[in-house]
Each structure stands twice: as C-alpha cells, then as structure tokens.
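Report on the structure
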Amino acid sequence: MAIRIDVFAVLLAPRNKKAVDSFIASFEDAGYDVNLKMLNAMDYEVPEDRDRIFFVGFRKDLGIKDFKYPTPVGHKITLREAIGDLQESAIPALPQNHTNGSKCIVPNHEYYVSGFSSIYMSRNRVRAWDEQGFTVQASGRQCQLHPQAPKMQKVDADHQIFVPGYEHLYRRMTVREVARIQTFPDDYKFIYEDVNMGYKMIGNAVPVMLAYHMALQIRKTLREHGIKLKENEKIKRIPSLDIRQKTKIAKKLARKEEVVKQLNFLDLFDQYADNPIVENYMVHEELPEYGINIDTTKNCLISLVKKDNFEQYLDQSARIYYTGKKFPSTVALNKLYYFMPYLKGKGIRDLYFIKIARVGTRKEGQEGENKNDLRLVLEIEFVKQLFKEYKPVELKIWHTFTDTTMEEIFRM
C-alpha cells in the first residue's frame with residue numbers, strides 16, 4: 001500500500017507531528033506496519049522538481065519491517081531531453097480554450113491561452129533547458145512557462161516581468177509537454193473538450209516513472225521475504241525516460257535533427273592536412289560614430305560553450321575555439337568568417353573574427369595529445385561586444401550550433 005500526500009509540509013512542520021502520528025496509528029490499528037518518506041521525482045527519471053510524501057505499509061502478518069525506499073537514479077533528465085523535440089510544433093488552444101482535437105500535430109500538443117495574474121507574475125515561472133521543470137500544476141492557468149524564454153526578470157519583492165524584447169517567447173507549456181514531464185508516453189492520449197481538463201488530469205497524477213520505481217522496490221521487498229506475486233500482480237516493465245525512443249510519434253519528430261549529418265574530420269584532414277580550410281583578413285576600420293565596421297553579408301557561426309570554458313569568453317580574451325567531436329556537415333566551411341560563443345544558460349553577446357579555420361586536435365601541443373582526436377579548430381580574434389546583455393537565441397543544429405549571417409544576427 002502506497003499513499004501519496006501532496007502537501008509535504010505535513011511531514012516537515014513540527015506542529016503537524018501529532019496529526020501524522022495519528023494518521024500512521026490509524027493504519028497500524030487496521031493491521032499495517034507503516035513508514036513514510038519524502039521523495040523528489042527528479043531522482044527517479046522524471047524531469048520535474050516535485051516533492052511528495054509516500055506512506056508505504058505492509059500487512060503485519062507478513063512481518064516486513066525493513067522496507068527501503070528506491071535508490072535515486074544517477075542521471076537527472078533535463079527539459080531539453082524531455083521536450084526539446086516538441087518546441088516547434090506547439091499550437092495555441094482554440095477560443096475559450098477549446099481543444100484543437102485532431103488538428104494537433106502531436107496529440108494534446110496545445111497550450112492554454114489567457115492573461116497572467118499578479119499572483120502568477122509574483123515569481124519566476126521559467127526553468128532553463130538544462131534544468132528540471134517546476135512541479136506540474138493541475139491547472140492550465142497556473143502552468144509553468146516554456147524554457148525557450150529567458151527566466152523572468154525581478155523588478156520588486158513580489159513582482160516579476162517578462163524580459164523586454166523577448167515577450168514573444170513566453171507561452172505556457174502544452175498539455176503534451178507537461179505529460180512528457182510527468183513521464184506519460186506519447187501514445188497515451190488525454191480526452192477532453194476543455195484544454196484545462198488535460199492539465200488537471202496530468203497535474204493530479206503520480207509521475208509514471210516515480211510510481212514505477214516505487215512499485216519495483218515494493219515487489220523486490222516482497223520477493224526478499226519469500227512472498228510470490230500472482231500473475232496479474234506482476235509489474236509490466238517500462239523503459240527509462242529516453243522519451244524520443246518511447247513512441248512512433250517521438251521517433252518521427254526526432255528524425256528532424258538526425259537529417260543533419262556529422263562532418264567527417266578524417267576526410268577533412270586528408271583534404272587539408274596542416275593547411276587552413278579558410279584564412280580570412282579583416283581591416284578594422286574604426287568609425288568614431290559607429291565603432292568597428294561589421295560586414296553584415298558575412299556568415300556567423302554561433303556555437304555552444306560549456307560553463308567550464310566560460311572564463312576566457314567572459315573577459316573576451318579567447319583566441320582559439322575547439323569544436324566537440326561532432327560538427328554539422330551543413331555548415332559551409334569556406335564561408336566561416338565571424339564567430340559568436342553561446343555561453344550555456346546565458347546566450348550570445350560578443351563577436352569574434354575567424355582568422356583561420358583548420359583541422360587540429362583538442363590538446364594539440366600538450367602532454368596527452370591524441371593525434372586521432374580530430375576537431376575543427378577556429379583561431380579567433382575579439383571584434384566587439386554586440387549586445388549590452390547576453391541574448392538567448394535558438395541553437396538550431398543539435399541544440400549546439402546555428403549557422404547564420406550577421407544580417408540575421410542584427411534582426412534577433
């Protein structure tokens with residue numbers, strides 16, 4: 001027997017200890033040995049920060065007093081892993097928040113539309129792509145916002161605003177997206193006329209993978225005590241939350257990213273060896289009124305930089321950039337000219353000039369260099385700070401790269 005209680009303050013507040021003890025005593029009087037523990041869903045393959053208390057009881061005649069709650073799973077699934085492939089196919093609900101029904105590209109992939117109350121705007125409602133989502137609410141109006149938007153900006157103690165210039169990115173998550181966060185598979189369809197009812201069904205549910213891990217642990221305990229399950233009580237095995245492999249729908253959406261093939265560095269090395277792939281020259285024409293002149297017709301590569309490499313980009317001292325082991329074959333190498341680092345969790349701000357693009361290795365010239373660990377290497381030079389603050393933009397290729405032009409950059 002497992003009972004979920006949503007208000008975990010019951011466990012934490014000393015003033016409620018008497019009520020909790022009474023609750024447990026009632027089950028013991030009914031013939032159960034009961035214990036309780038608070039678990040967070042994010043520890044059990046659920047991309048959601050959701051604390052819940054579980055009461056687990058076994059009949060006293062079974063003699064089970066050593067139940068141990070499931071051990072947290074190592075990897076915490078992020079919003080990008082859970083809903084990243086759904087970003088472009090979301091649609092708003094119809095007027096009065098009626099469902100789009102079969103017009104949804106993905107079943108239930110529609111979001112609640114309404115204004116935002118002062119209570120809603122009293123705190124940040126956005127979790128970043130590399131984080132877990134907020135607790136899924138049983139209400140469309142109170143639903144968290146999609147991670148494509150920057151986190152809200154605090155202007156007063158109980159007042160936050162959407163970041164100016166990015167208001168168009170703020171939308172509630174769709175019914176399907178919160179279902180993904182609660183780890184429902186895509187082939188599990190929610191039937192409703194009022195979109196709000198979809199959120200209500202999902203928000204009131206125990207996350208599927210959390211329930212699964214609890215069930216496995218209860219079964220394990222019963223088996224350790226020599227108690228055999230009946231055939232109809234066996235737990236159906238379900239996969240861990242690699243959501244894109246769970247259903248045909250998700251696989252179809254994921255193939256959009258798979259179209260971009262990886263550049264073969266070995267072939268590139270055979271072609272260029274130690275010679276530059278591209279070598280650029282730029283005259284820094286300093287114009288008193290406008291600063292350095294920038295050629296808006298030139299290409300610009302935006303590339304993700306992880307936090308352990310931030311320092312050289314924060315102080316604008318970076319002189320070289322190594323790609324990872326994967327680089328998209330769709331980028332026109334002969335047109336590489338400008339480079340903008342996308343600092344993870346921040347965005348783009350600074351513009352660099354690509355002096356040379358060549359094939360190299362990650363630790364070239366250093367101890368432990370692996371000559372077979374080929375990468376694309378960009379020798380770069382700082383040009384100027386384009387934006388006053390870091391600006392979040394979409395990384396269109398593998399959530400790591402965007403190949404664009406300076407003209408498009410200035411339109412962002």
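Computed from a prediction, not measured in an experiment: that's the story for all the values here.

Comments concerning the pattern of salt bridges
Scanning the model with the defined rule gives 13 salt bridges in all. When the shortest N-O distance is used, the salt bridge between Glu131 and Lys151 registers 3.1 Å. Here the residue Glu131 occupies a position in the loop between strand E5 (110-111) and strand E6 (153-156), and Lys151 occupies one in the loop between E5 and E6, the gap between them amounting to 20 residues. Assessed through its relative accessible area of 26%, Glu131 is described here as partly exposed. According to the relative accessible area criterion, Lys151 is partly exposed, its value standing at 38%. We note a salt bridge from Glu379 to Arg358, for which the minimum N-O separation is 2.8 Å. Residue Glu379 is located in strand E15 (residues 374-385), and its partner Arg358 is located in strand E14 (residues 350-361); the two are separated by 21 residues in the primary sequence. Connected via shared salt-bridge partners are Asp33, Lys60 and Lys65.

A look at the confidence of the model for the chain
The predicted model of the chain averages 86 in pLDDT, with 87% of residues at 70 or higher. For residues 243-258, every residue scores under 50 in pLDDT, and the model assigns this stretch 31 contacts once sequence neighbours within four places are set aside. Every residue in residues 286-290 scores below 50 in pLDDT, and together they form four contacts with partners more than four places removed in sequence or on other chains.

With respect to the layout of surface pockets
In this structure, the largest pocket encloses a volume near 1,400 Å³. Taken together, 48 residues form the lining of the largest pocket, with Trp129, Gln148, Pro392, Val393 and Glu394 sitting closest to its centre. Where the lining of the largest pocket is concerned, the elements lending two or more residues are helix H7 (248-258), strand E16 (401-405) and helix H10 (406-411). A per-element tally of the lining of the largest pocket places H7 first, with four residues. Considering only residue class, the lining of the largest pocket consists of 21 nonpolar, ten polar and 17 charged.

Criteria and thresholds
Residues numbered from 1 in each chain as written. Predicted model: local features only at pLDDT ≥ 70, side-chain atom pairs only at ≥ 80, totals over all residues. Heavy atoms only, no water. Salt bridge = Lys/Arg side-chain N within 4 Å of Asp/Glu carboxyl O. Helix = DSSP H or I, 4+ residues; strand = E, 2+ residues; numbered from the N terminus. Buried < 20%, exposed > 50% of the residue type's maximum accessible area, 1.4 Å probe, protein only. pLDDT = per-residue confidence, 0-100. Contact = heavy atoms within 4.5 Å. 1 Å grid on protein atoms, 1.4 Å probe; cavity = no way out; pocket = protein on both sides within 12 Å on 5 of 7 lines; lining within 4 Å. Points joined across faces, edges and corners; volume = space filled by probe spheres on them. Nonpolar A, V, L, I, M, F, W, Y, C, P; charged D, E, K, R; others polar.

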